[in-house]
Amino acid sequence: MTEQDTKRTAERTVPKRYLITSALPYANGQKHIGHLAGAYIPADVYVRYLRAQKRDVVFVCGSDEHGTAIPIQAMKEGTTPQAIIDKYHVIMKENFEDLSISFDIYDRTSNPIHHETAQEFFTDLNNKGDLEIIESEQYYDEAAQTFLADRYIKGTCPNCGFNGAYGDQCEKCGTSLSPDELINPVSTLSGGAPVKKATKHWYLPLNKHEDWLRSWILGTHGHDWKANVLGQCKSWIDAGLQPRAVTRDLDWGVKVPLADAAGKVLYVWFDAPIGYVSATKQWALNEGKDWKPYWLDKETKLVHFIGKDNIVFHCIIFPLMLRLHGYIVPENVPANEFMNLEGDKMSTSRAWKLDMQDYIDDFIKKENGGPQLADCLRYYLISILPETKDSEFTWKGFQDAVNSELVSIFANFVNRTFVLMHKLTGGKVPKYHNDKAEPKDNNLIADIKTAKARIETLLEEYKFRDALFLVIDIARTGNRYMQEKEPWIKARTVDAHGAVTAEAQAEIDNCLHLCLQLCANLAVFINPFLPNTARKMCHLMKVVDKMLDWENAGSMKLLSVGYSLRAPELLFRKIDDSEVSYQVEKLKAGLEKSKMEQEKNNPQPAQQAEAPAPTSSIDTTKAIAEIQYDDFAKLDLRIGTITAAEKVEKADKLLKLSVDLGAGQRTIVSGIAQHFSAESLVGKQVIVVANLAPRKMRGIESQGMILTAEQPDGKLILVNPDSLTINGSNVR
Ligand SMILES: [Zn+2]
């Protein structure tokens, strides 16, 4: 331990309690390992370390279930927003459990406690005059009679020219946008061009608090926050802070608790971080504890773990909200940079990613998998955490980390120790003969003792990679020590009767005694990083998990002399070449598939005169080729209600229909005008092919098809459910 380490340890004061948060993942789809490495694994390592230190700590997280991306995803999947959040909340919660992320609570922002808490927060700020009301012109869809927030508006990206950019962000180039910046904006609800209409919203005037933000971030924390975090905050503040809207015209979210705010909800960035508070309340309720000290007592250390895309919310906006509300502000926000994958940025839209679910299915849930495979992923991700700059996940790198570090160094030391102990000391912890102690032994003991303080310092400073390397280094030292002591050679020194001499046995005993104590220490050290491994080691040593308490680290008395231990068992299996090549191929195939799908969904504009009547080619006598169930399953058939219908100008066969599919309105152009009058269709339920690629007819984008049946006289009738059904219901 260097002098500097000693000083840093001495200066540290232990807070009364800790509140640790991980960014709330958005419940609109699968989350990938880049997310996992950014906000969840580092937080989990930190929390497990604090728990082992017996500190008072609560670790909260939950699903972020509001914002326009949820109803948009529902439209994509042909279902309701509620069904979307219910689906992805469960998936994410289980994924985190399978990867041993040990939240004290994984809550969700649809929880009524959250709605109440977020409303209280808003009301308090509003009553105190901390919010401003500003009227502005915003895009409005006259057909759907609604304002078009964020993802309800699409257009061409001014930055890269991509024609499917959303009103809040271009998913192609990643640029943050405002709806006004989009070229040729269209409503994603009706497909029509939106108009501007006046609306009023509540704003948080960040500009009024610039002085406090500057001194708190760049002054108070100018030396203890990470450089990447400070840099981003500084450029935001220097660019000039603007008032930021905290409400939205939308029907999905936390309602604004004011009489004159009908049809408005809290903007998702405002309500989501309050999710940390409501999750703490729910946790306290479950545990019979008091949540208040965690958010009100200045002796609580609040730490937000996030990815770099969330820095501004957690370092500028949310702390200001907390301060105005009279709550504590974060002590640190150790945001990570991004993790790339096989030479490219991870991207959900291009399918260039490794979802947590895919890793779980391909490794943990396989026959030769189990929790050890969760630890293998944790190990590799911690070893490449993007703590100071972007890093890269490669499958070869994963294989090397597991095979040449975890297996060859860490597991190998534990395994050799156990094998030799069974062979040379009767499967029991041998005695340590003090009179036979050698300098090599004392050096090993000293290394173990100093490792404790060094790992501690690194963990307290959020340097998880370096801390893990130190643990592996101690295992490496153990291997070297055993190699030098060569107990298996000493065992050949026998007396006239063929028994090992007392002298040689004493040396063997000392070596294995120390190696076993080191194994026990390794379990304590590795526990925050690889909890399943630590527990498996406890099982091998026949000790209770309590041994993993941090105070035991550095002790050379963790295993009692004469205690018999279990037979050796491999801690990890190796990763095969075939597994690596399979994953690389799978990644490439996913990219190809997503390219094809994108081309299908954004086809080159082709001239399309008129839609054929949907039944024109049906002939009951003509056999249609047999299909498999999978072919049928590709159809997304839904119940919808026609809410409006009108003739398409200069097209005598076409009707333009608005159909309510539960998750939103669809525009469908149908060639049925000669069979139905527009008026007769309004209010009728129909079956809609909801996943038909959109096509333009007479300049109108048709987003699906309705089913009809042809009568003997050639007339068409609607196919509809025999009783009134919820819009969006699946047809199977
Ligand atoms: Zn773009």
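Residues numbered from 1 in each chain as written. Predicted model: local features only at pLDDT ≥ 70, side-chain atom pairs only at ≥ 80, totals over all residues.

**Concerning the overall build of the protein chain**
Note the following rule: By the criteria applied, helices consist of DSSP H or I runs no shorter than four residues and strands consist of E runs no shorter than two, each listed in order from the N terminus. The exposure scheme places C-beta atoms from the backbone and then counts, for each residue, the other C-beta atoms within 10 Å of its own, assigning buried at 20 or more, exposed at 12 or fewer, and partly exposed in between. Throughout, a pair of residues is in contact if the C-beta atoms placed from their backbones lie within 7 Å.
A tally of regular secondary structure across the protein chain gives 21 helices and 24 strands. In terms of overall dimensions, the protein chain has a C-alpha envelope of 110 × 70 × 45 Å along the principal axes. Taken over 732 residues, the protein chain has a buried fraction of 42%. A sequence separation of at least 24 residues applies to 74% of the contacts in the protein chain between residues at least 6 apart.

**Some details on unusual backbone geometry**
Notably, Asn-184 is not glycine yet its phi reads approximately 50°, a positive angle. Relative to the helices and strands, Asn-184 is located in strand 8 (residues 183–187). A positive phi is found at Lys-542, a non-glycine position, where the angle reads about 55°. Locating Lys-542 in the fold gives a position in the loop between helix 18 (531–541) and helix 19 (577–601).

**A word on the domain arrangement of the protein chain**
Going by this rule: Note that the domain bounds reflect an automated or database-derived domain assignment.
Splitting the protein chain by domain gives domain 1 (3–148 + 194–336), domain 2 (356–552) and domain 3 (629–718). Using only C-alpha atoms to locate each centre, domain 2 and domain 3 end up separated by 66 Å.

**Details of the packing of helix 14 (residues 439–460) against helix 17 (residues 502–526)**
Applied cut-off: Here an angle of 0 to 180 degrees is reported between the N-to-C directions of two axes, which are lines fitted to C-alpha atoms, with helices fitted over the stretch in contact. When describing relative orientation, an angle under 35 degrees is termed roughly parallel and one over 145 degrees roughly antiparallel, while 65 to 115 degrees is termed roughly perpendicular and anything else oblique.
For the pair helix 14 and helix 17, interaxial distance at closest approach is 11 Å and the crossing angle is 5°. Taken as axis vectors, helix 14 and helix 17 run roughly parallel relative to one another. Facing Asp-441, Leu-444, Ile-448, Ala-451 and Ile-455 of helix 14, the residues of helix 17 in contact are Asn-510, Leu-514, Leu-518, Asn-521 and Phe-525.

**Focus on the sheet that holds strand 5 (residues 146–147)**
Backbone hydrogen bonds are what pair the strands of a sheet, in a parallel or an antiparallel way. Formally: Any two strands with at least two DSSP bridges between them are considered paired.
Strand order across the open sheet formed by 4 strands is 5-4-9-10, with antiparallel pairing between neighbours. Either end of the sheet is taken by a strand with one partner, and the two such strands are strand 5 and strand 10 (243–245). Of the strand pairs in this sheet, strand 4 (residues 132–141) and strand 5 are connected by 2 bridges, and their pairing is antiparallel. Pairing of Tyr-140 across the sheet is with Phe-147, part of strand 5.

**Digging into the packing of helix 7 (residues 227–238) against helix 10 (residues 311–325)**
Which entries qualify depends on this criterion: Crossing handedness is read from the near helix: turned anticlockwise from the far helix by less than a right angle, it gives a left-handed crossing, and turned clockwise, a right-handed one. In the scheme used here, Gly and all other residues not listed as nonpolar or charged are polar, with Ala, Val, Leu, Ile, Met, Phe, Trp, Tyr, Cys and Pro taken as nonpolar and Asp, Glu, Lys and Arg as charged.
Closest axis-to-axis distance for the helix 7/helix 10 pair is 10 Å, and the angle between their directions is 60°. Our classification of the angle between helix 7 and helix 10 gives oblique. The crossing of helix 7 and helix 10 is right-handed. Of helix 10, the residues touching helix 7 (which contributes Val-229, Gln-232, Cys-233 and Trp-236) are Ile-311, Val-312, Cys-315 and Ile-316. Its residues assigned to classes, the contact of helix 7 with helix 10 comprises 7 nonpolar, 1 polar and no charged.

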